[in-house]
Amino acid sequence: MNKTDQMSFFGFETEEAEKPAKPAKSPKSGSTPSSSVSVSASGAVAQPKAPPAAPSGAQPTEHEAMAQTLAQHPDFRVLRRLQPVADYGGLHGQPTQRVIVLDTETTGLDSKTESIIELAMLSVLVDAATGAPVGPVSIYESFEDPGKPIPPQITEITGIDDSMVQGQRIDDAAVHDLVAQADLVVAHNAGFDRPFVEARFPVFASKAWGCSFQGIDWKKEGSGSAKLEFLASERGWFYDAHRAQVDCHALLQVLASPLADGQTGLSRLLAGAGQSRYKLRATGAPFEAKDKLKARGYRWDGEGRVWWCSLASDALLDAECAWLRAEVYGARSARVQIEALDSRVQYSSRPGLQSERQL
């Protein structure tokens, strides 16, 4: 699971962003992912109970008082443990869209040869006007026995060992029922998670997907990294990362926070679900243009022997074709290949709509 971040730049998005690397962590005791989640025989997902609220007007604890004192000093920054939210409230019959926040833990990186060992999903309504989550959060989380030993390096990263998954299986009906209601599925590096869950659960293939890693330009938003732990820490939280459910809670709270323009990350991803991304292949580009293409953000496909880039909008595609014509092909006649990826295909292993454009 040693993957490096790739940030979007010059209007490009990387085609397959690497899933942020996961630090070592001691295995947790117990054989079930969460005692706060139960699934009925019919596959319905139970709602988690909210933690008891502090009495109104209660004095801060000793540690909280210390934290508040430190937070007022310019030389200190206080991080608080992220608390999962069971119910966001504010549901008053307004227009909403349902979003599923998803994370997987797997036996390795390749969805064709490796398997899911843990799946977690949070399903929540999002206010269409404000982009804020509203109402209760439905949770599904389960281990799954991959039918082979979990590699030691995966146990070191996730804390999940063979004894925890033995005999366990994700409930197909419960997953189908939860996902079928969703308008958008979001993962932090959907290019990793989507192929795994689509191979295991066909219902995911028909859903629109958003990627909080590639779909938001975190560098432009002023963040120093697109890693989820870093994004959470910028907002004042820390958490025990790299177990699926807590990663989902962290991502949901990060996406519920406002971006530079006042929109939430959830709003940004829901708006982007109606847009296509494009994979542009600079077919027949002259060899002497390789340094220009590399500096521009293109990547080399050794198998296809072509330079390519990924673009997030029609306008960026048009601008890039104009740049290729002026800077790469010059007076030469050229046809480039374009693959259109809408939200039901992007981040999956399935191809998009193929076409050519004369420059």
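Basis of the calculations
Counting restarts for each chain, with residues numbered from 1 along the sequence as it is written. Local features in a predicted model are, by the rule used here, given only for residues with pLDDT of at least 70; side-chain atom pairs are given and counted only at 80 or more, and totals for whole chains, interfaces and linings are based on all residues. As a rule here, side-chain values come from all non-hydrogen atoms in the structure, and water together with hydrogens is ignored. By the convention used here, strands pair only if DSSP detects at least 2 bridges between them. Helix and strand definitions follow DSSP, with helices as H or I runs of at least four residues and strands as E runs of at least two, each counted in order from the N terminus. An axis is simply a line fitted to the C-alpha atoms; with a helix, the fit covers only the stretch in contact. Between two such axes, the angle follows the N-to-C directions and lies from 0 to 180 degrees. In what follows, a contact means two residues having at least one pair of non-hydrogen atoms within 4.5 Å. Classification of ring pairs uses Phe, Tyr and Trp, with its six-membered ring standing for Trp, and accepts pairs whose centres are within 6.5 Å; under 30 degrees between planes counts as stacked, over 60 as edge-to-face, and the remaining range as tilted. Only protein chains enter the area calculation, which uses a 1.4 Å probe; residues under 20% of their type maximum are buried, those over 50% are exposed, and those in between are partly exposed. We define a salt bridge as a side-chain nitrogen of Lys or Arg found within 4 Å of a carboxyl oxygen belonging to Asp or Glu. To be clear, the arc concerns the directions from the helix axis to the C-beta atoms. Each polar contact in these results corresponds to two N or O atoms within 3.5 Å; when the atoms are within protein, one needs to be able to donate a hydrogen and the other to accept it, and residues that are neighboring in sequence are counted only if both atoms are side-chain atoms. Helix span, expected: 1.5 Å multiplied by one less than the number of residues in the helix. Buried Ala, Val, Leu, Ile, Met, Phe, Trp, Tyr and Cys residues form a nonpolar core when they are joined through side-chain atoms within 4.5 Å.

A. Representation of the sheet that holds strand E12 (residues 353-358) within the structure. Pairing within the open sheet is antiparallel, and its five strands lie in the order E9-E10-E8-E11-E12. Of all strands in the sheet, those with a lone pairing partner are strand E9 (299-301) and E12, marking the two edges. Each adjacent strand pair in this sheet contributes to an overall mean axis angle of 30 degrees, direction not counted.

B. Main features of the sheet that holds strand E2 (residues 96-106). If you walk across this open sheet you meet the five strands as E4-E3-E2-E5-E6, and the pairing is mixed. Each of the sheet's edge strands pairs with one partner strand only, and the pair in question is strand E4 (133-143) and strand E6 (209-211). For this sheet, the mean angle separating the axes of adjacent strands, direction not counted, is 25 degrees. As defined by bridge partners, E2 adjoins strand E5 (residues 184-187) across three bridges and the pair is classed as parallel. Each residue of the ladder has a partner; that of Val 101, found in E5, is Val 186. Packed onto the sheet, helix H4 (residues 172-180) meets E2, strand E3 (116-127) and E4 and runs at close to 30 degrees relative to E3.

C. The arrangement of the packing of aromatic side chains in detail. Applying the stated criterion to the full structure yields five aromatic pairs. Plain terms: the ring middles of Phe 201 and Phe 204 are 6.1 Å apart, the flat faces sit at 65 degrees to each other, and that makes the pair edge-to-face. According to the relative accessible area criterion, Phe 201 is buried, its value standing at 3%. Taking 6.2 Å as the distance between ring centres and 25 degrees as the angle between the ring planes, the aromatic pair formed by Tyr 298 and Trp 323 counts as stacked. Remark: Trp 323 occurs in helix H10 (residues 314-329) and Tyr 298 occurs in the loop between helix H9 (290-296) and E9; sequence separation between them is 25 residues. Trp 323 carries the same exposure label as Tyr 298, and that label is buried. An aromatic cluster is present here, built from Phe 201, Phe 204 and Trp 209 joined pairwise through their rings.

D. Structural detail: the pattern of salt bridges. Per the stated rule, a full pass over the model turns up 18 salt bridges. A salt bridge links Glu 114 to Lys 148, with the nearest nitrogen and oxygen atoms 3.0 Å apart. With Glu 114 in the loop between E2 and E3 and Lys 148 in the loop between E4 and helix H2 (152-158), this pair connects stretches of sequence that are 34 residues apart. Glu 114 sits in the partly exposed class, given a relative accessible area of 23%. Taking relative accessible area as the criterion, Lys 148 reaches 32% and is therefore assigned partly exposed.

E. Quick peek at unusual backbone geometry. Phi is positive for Asn 189, which is not a glycine, with a value near 90 degrees. The phi dihedral of Arg 305 falls on the positive side, at around 50 degrees, and the residue is not glycine. A residue is classified by how much of its surface remains accessible, and Arg 305, at 63% relative accessible area, is exposed.

F. Geometry of H4. Within the span of H4, buried status applies to Ala 174, Val 175, Leu 178 and Val 179. All buried residues of H4 fall inside an arc of 120 degrees around its axis, so they share one side. Buried-residue contacts for H4 involve E2, E3 and E4. Taking the backbone nitrogen of Ala 173 as reference, a side-chain oxygen 3.0 Å away marks Asp 171 as the first, capping residue of H4.

G. Seen up close, H10. If you check H10, its first and last C-alpha atoms are 21 Å apart, about what 16 residues at 1.5 Å a residue would give, namely 22 Å. Those residues of H10 that sit buried are Leu 317, Glu 320, Cys 321, Trp 323, Leu 324, Val 328 and Tyr 329. Looking at the buried positions of H10, the neighbouring elements they touch are strand E8 (277-282), H9, strand E10 (306-311), strand E11 (335-341) and E12. Two residues or fewer after H10 comes Gly 330, characterised by a positive phi angle close to 60 degrees.

H. Spotlight on the nonpolar core. The biggest cluster of nonpolar side chains holds 57 residues, and the ones touching the most others in it are Leu 102, Leu 119, Met 121, Val 175, Phe 204 and Trp 209. Those residues in contact with Met 121 that lie beyond four places of it in its chain are Ile 100, Val 101, Leu 102, Ser 138, Ile 139, Tyr 140, Val 175, Leu 178, Val 179 and Phe 204. Among the nonpolar cores identified, the runner-up in size contains 19 residues, and Leu 293, Cys 309, Leu 317 and Leu 324 belong to it.

I. Representation of the pairing of E2 within the structure. For E2, the buried fraction is high: nine of the eleven residues fall into the buried class. For E2 and E3, the ladder comprises eleven bridges, and the chain directions are antiparallel. Bridge pairing in E3 links Gln 97 to Val 126.

J. Main features of the environment of Arg 200. By the secondary structure assignment, Arg 200 is in helix H5 (residues 190-200). Each C-alpha atom, one on Arg 200 and one on Ser 115, is 8.7 Å from the other, the two residues being 85 residues apart in sequence. Not counting chain neighbours up to four residues away, the residues in contact with Arg 200 comprise Ile 116, Glu 144, Arg 169, Ile 170 and Asp 172.

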